[in-house]
Amino acid sequence: MELKAKGRHCALHRGTKETTRENKTRKEGGIMLRQILDGFLGIVADPYRSVAEAKARYRKKVIGCCPMNIPEEFIHAAGMLPVVMWRSNEPITSAHAHMQPTSCGIARSIVDDALKGRLDFMDGMVFYELCLQMRGLPLIIESTVTPAYLKFLHLPAKPTPAGKAHLMENLGMFRTSLEEFSGRDITPQSLAESIRVYNRNRGLLRRLYELRRKNPGLLGVREVVAIVQSSMLMLKEEHSELLEKLVWELERAAPASNKRVRVILSGCFCQAPRDDVLDMIEDAGAVVVDDDLFTGFRYFANDAKVNGDPLEALADRFLLKSPPDPTKLDPYRDWPGFLKEVVGRSGAQGVIHLLMKHCPPNQTHYPDLRRGLEAVGIPEMFLQLEHEAVSLVSMGTRIRAFIEVVGGV
Amino acid sequence: MEEHKLNRMKTAGLMHGMVDKYWEDLRLAHDRGQKVVWMQGMPMTMLAAAMDLPVHFHPTYSAYVGARRLQAPLLEAAAAGGLFPDVCSYIRLHVGLISLTQKGLPIPEEARVSLPDLIITGRFCTEHSTLGELVQRMVKCPIVVLDLSPAGLTTKSPESEWEKRVTYVERQIREEAIPAIEKLAGRPYDYDRLSEMLDRAKRVAIMRDQVLHLMENRPSPCSLFDIGVSLAPLTMFQGSEEAVDLFVKFKAEAEERVRQGVGAVTGEKYRLYWDGYTPWRLLGTIMRMLVPYGAIPLAGRYPIGHWYHPESIEPERPLRSLAYQTIRWWLPSMFPGDLFVEYVMDWIQTFSLDGLIMSFVPPCRLWNMGIEDVVLEAEKRHGIPGILLSVDPVDPQYWNEADAKRKFDAFFEMLEARKRG
């Protein structure tokens, strides 16, 4: 993974007219801000090392969760460290003995990492039927690396009485299996407490996004993605502590006079977008003001209820229909309508859709999404990304052209 | 050098006329004032058929269009609408069909069908339910999405866990699918009719299993592709008297062949497992490529998985039976889990197989996932080799005949060398 972006387009590097004392305070705050940001960037730059270190530091078992919607609170309540599995930047080799190159990058990457022993520090893995590709992973993982704990969940995202009842039944079985593995009971109280911990983190991330909307350019897009993705890799309490400090500093940051073209990023399920693509978007003169990415708004959009049955609260959270999710059972989802709201709240001038190759949920819904945005007059372009190298030159040209058109050049 | 010939089953040919009539009836359904249901999730299609509602089952439509090579304008229309070429060809076919129909643009007459008045889609393949959603957005008719999945269930799962999943599926059928069908049909659901149809489907499936048992003989009286063609009575005409009559004849012909020692391929030499779809568009082509080697495909989860273990069907409990068949037997055959592996390992022994041809469709992750591991396991457990072969039942871009020939040459050379020891 590429190392830290030094706040390429963010407000830290702008000068302001201030008193010496204010300037000193600001500089100290700026240094702390930079340290926190660099910390987050460092976590995502080498997640293998970061998570293994966290495991040693906290002496907790690590459970890798396949993206996107596994209720991590259960694992947290069992006293273990849930981490959302990531896509590596390494070429995929060993995985191709077990799956087609036409499978999506993150599915192949997880298998490749597992086969090469790069995930040996994980004590367990949890998968669910997000899509056909994730469905295939448990068989491959079980027959090759066989972690001590391997669970393939059936989580019907069907908000009918039958669907919710079955979802709760399966979450109950998940809870029991975690108790057996961890040797620790997951009581309603401990689960409720984990929900509160996660809600706190989600609330801070929503506040961060609010600040960015009001002050475009406050942070570079790569930094924002790193802040969210690092939450998926760290103990939530630790991440929230740092994030709270970051938010505090950002609330005092000078307003930006940002004349860049405001865009939102959409799509890119399951994995973080490539850093080089994010850099190209900003280099072309855009500022990212919002998103519905998985390593973005999707991850923290909704809280779980803190009153009542915590298992039911997590089931209800799983069944929520917003942000619209093509991997869930919802024939009436309105993805264009949702993006229209995001555009409205952020003042964005256009949408850049990051479409992962070999991702059927994204690919099959994209044409309708494009037509829906066209119908309401929202400029849109898509970039097809894949694990392997893409032609950045032609992609860069298209991005620049889009930004120029949207920006009225 | 021994010459090998293909002996086609006469009764397989009888099905062509029935299949043509089936699609003609679907084409004319709206003209006749009938309401049409588009369904995904065999054996669930019987739910609508029991109420005399014409049923469009999208894999059978795709097979029909693919076999008659009518797919080109439909796939082109889907591409023009923005669907990527590596999206499931069944999805592209149907989106293209609806697009051309709604715009009044030319469609090959045999490929025309009535658009749905109700969609009942099954999320056993996530692309199936995606197709249902795409169709619903284009046609704007009611839709029921059934969550059909054996995810997480394995050979080690206790029966109680299987039972919970079956109960969940049965509940969805009862609470969601039945009311939607009743509303469309304008009358209460006819459970007695459903039970009768299920009873006939059971009899057909038992006869089909008896034919499979006959295929353990050397030479085998019929090939897996004959079984594939004979899926029509098990899918499109499931539960009908015609299906029973047809299978009585099919089984009789197979039994007669066994008595006379007549094989589907003269001088049968290599007995094979064929994974993935029956290659509808290329059935003749592929058999013409395999037969010269004396090779015959005998086992494969796609044809065999339909109505597997029919002894478990209870016609007097139709909804539960449909749920049980779906979750316990049909879907695990196509899931990349240990059941898939065990099915194949079992069939290798049952049918005395010499090798595996794992046909795959690059955009079809339903069937692709796990095939490499099955090949590895077959080599490990039984010492038999396998090859992977790209074949799409509909889209020609995923078939390369020269590449297939090269692979077959190498494969059968290897099998011959192993036979000689």
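See the structure printed just above.
A brief structural summary. (Residues numbered from 1 in each chain as written. Chains lettered and ligands numbered in written order. Predicted model: local features only at pLDDT ≥ 70, side-chain atom pairs only at ≥ 80, totals over all residues. Heavy atoms only, no water.)

## Side note on the interface of chain B and chain A
- On the side of chain A, 52 residues touch chain B, which itself brings 51 residues to the contact.
- Carbon and sulfur atoms make up 56% of the area that chain B and chain A hide from each other, which totals about 4300 Å².
- Considering only the side of chain B, the residues that lose the most area to chain A are F84(B), R365(B) and M369(B), jointly responsible for 16% of the buried surface there.
- In this structure, the salt-bridge partner of D368(A) is R137(B), at a minimum N-O distance of 2.6 Å.
- Our count for the contact surface shared by chain B and chain A stands at 20 residue pairs in polar contact (both at pLDDT 80 or more).
- Of all the elements in the fold, those that place two or more residues in the side of chain B that touches chain A are α6 (126–139), β4 (143–146), α7 (159–185), α15 (338–350), α16 (365–368) and α17 (371–382) of chain B.
- Examining the composition of the side of chain B that touches chain A, we find that eight residues originate from one element, α7(B), more than from any other.
- Counted by class, the side of chain B that touches chain A contains 23 nonpolar, 11 polar and 17 charged residues. (Contact = heavy atoms within 4.5 Å. Buried area = accessible area lost by both parts, 1.4 Å probe. Salt bridge = Lys/Arg side-chain N within 4 Å of Asp/Glu carboxyl O. Polar contact = N/O pair within 3.5 Å; in protein donor to acceptor, adjacent residues only side chain to side chain. Helix = DSSP H or I, 4+ residues; strand = E, 2+ residues; numbered from the N terminus. Nonpolar A, V, L, I, M, F, W, Y, C, P; charged D, E, K, R; others polar.)

## Structural notes on helix α1 (residues 10–28) of chain B
Residues and elements named next belong to chain B.
- Every buried residue of α1 is listed here: T11, A12, M15, V19, Y22, W23, L26 and R27. Along the axis of α1, the buried positions cluster into a sector of 165°, meaning they face one direction only.
- On the buried face of α1, the contacting elements are β2 (55–57), α3 (58–67), α9 (224–229), α10 (231–234) and α11 (241–260). (Buried < 20%, exposed > 50% of the residue type's maximum accessible area, 1.4 Å probe, protein only. Arc of directions from axis to C-beta.)

## What to know about the pairing of strand β6 (residues 286–291) of chain A
Residues and elements named next belong to chain A.
- Across the six residues that make up β6, a large majority, six, are buried.
- Pairing between strand β5 (residues 261–267) and β6: five bridges, direction parallel. From the neighbouring strand, R262 faces β6, where its bridge partner is V287.
- For the handedness criterion, the β-α-β arrangement of β5, helix α10 (residues 275–283) and β6 is classed as right-handed. (Pairing = 2+ DSSP bridges. Right-handed = clockwise from strand over helix to strand, strands pointing away.)

## Remarks on the side chain of S195(B)
Residues and elements named next belong to chain B.
- Secondary-structure assignment places S195 in helix α8 (residues 191–214).
- For S195, a relative accessible area of 17% puts it in the buried group.
- Apart from residues lying up to four places away in sequence, S195 is in contact with P315, E316 and P318.

## As for the sheet that holds strand β7 (residues 355–360) of chain B
All names here are of chain B.
- Strand order in the open sheet made by the four strands is β6-β5-β7-β8, with parallel pairing throughout. Each edge of the sheet is formed by a strand with only one pairing partner; in this case those strands are β6 (295–299) and β8 (386–390). Averaged over all neighbouring strand pairs, the angle between strand axes comes to 35°, with direction disregarded.
- Where strand β5 (residues 270–275) lies against β6, four bridges are found, and the strand directions are parallel. Bridging from a neighbouring strand, Y270 pairs with A295 of β6.
- Those strands touched by α15 are β5, β6 and β7, and its axis lies near 165° from that of β5.
- The strands touched by α17 within the sheet are β5, β7 and β8, with β7 carrying the most contacts at an inclination of about 175°. (Axes fitted to C-alpha atoms, helices over the stretch in contact; angles between N-to-C directions.)

## Description of the sheet that holds β5(A)
All names here are of chain A.
- Taken in spatial order, the four strands make up an open sheet running β6-β5-β7-β8, and their pairing is parallel. The two strands at the open ends of the sheet, each matched to only one other strand, are β6 and β8 (380–385). Mean inter-strand twist for the sheet, computed between neighbouring axes without regard to direction, equals 30°.
- Of the strand pairs in this sheet, β5 and strand β7 (residues 350–356) are connected by five bridges, and their pairing is parallel. Within the sheet, the bridge partner assigned to L265 lies in β7 and is I352.
- Together, β5, β6 and β7 form the strand contacts of helix α13 (residues 335–346), whose direction differs from that of β5 by roughly 150°.

## Some thoughts on the pairing of strand β1 (residues 62–65) of chain A
All names here are of chain A.
- Residues of β1 alternate between two faces, with V62 and G64 on one and I63 and C65 on the opposite face, all of them buried.
- Both β1 and strand β2 (residues 81–84) contribute to a ladder of four bridges, which runs parallel. Following the sheet pairing, G64 is matched in β2 by V83.
- The pairing of β1 with strand β3 (residues 124–128) spans three bridges and is classified as parallel. Along β3, the bridge assignment pairs C65 with V126.

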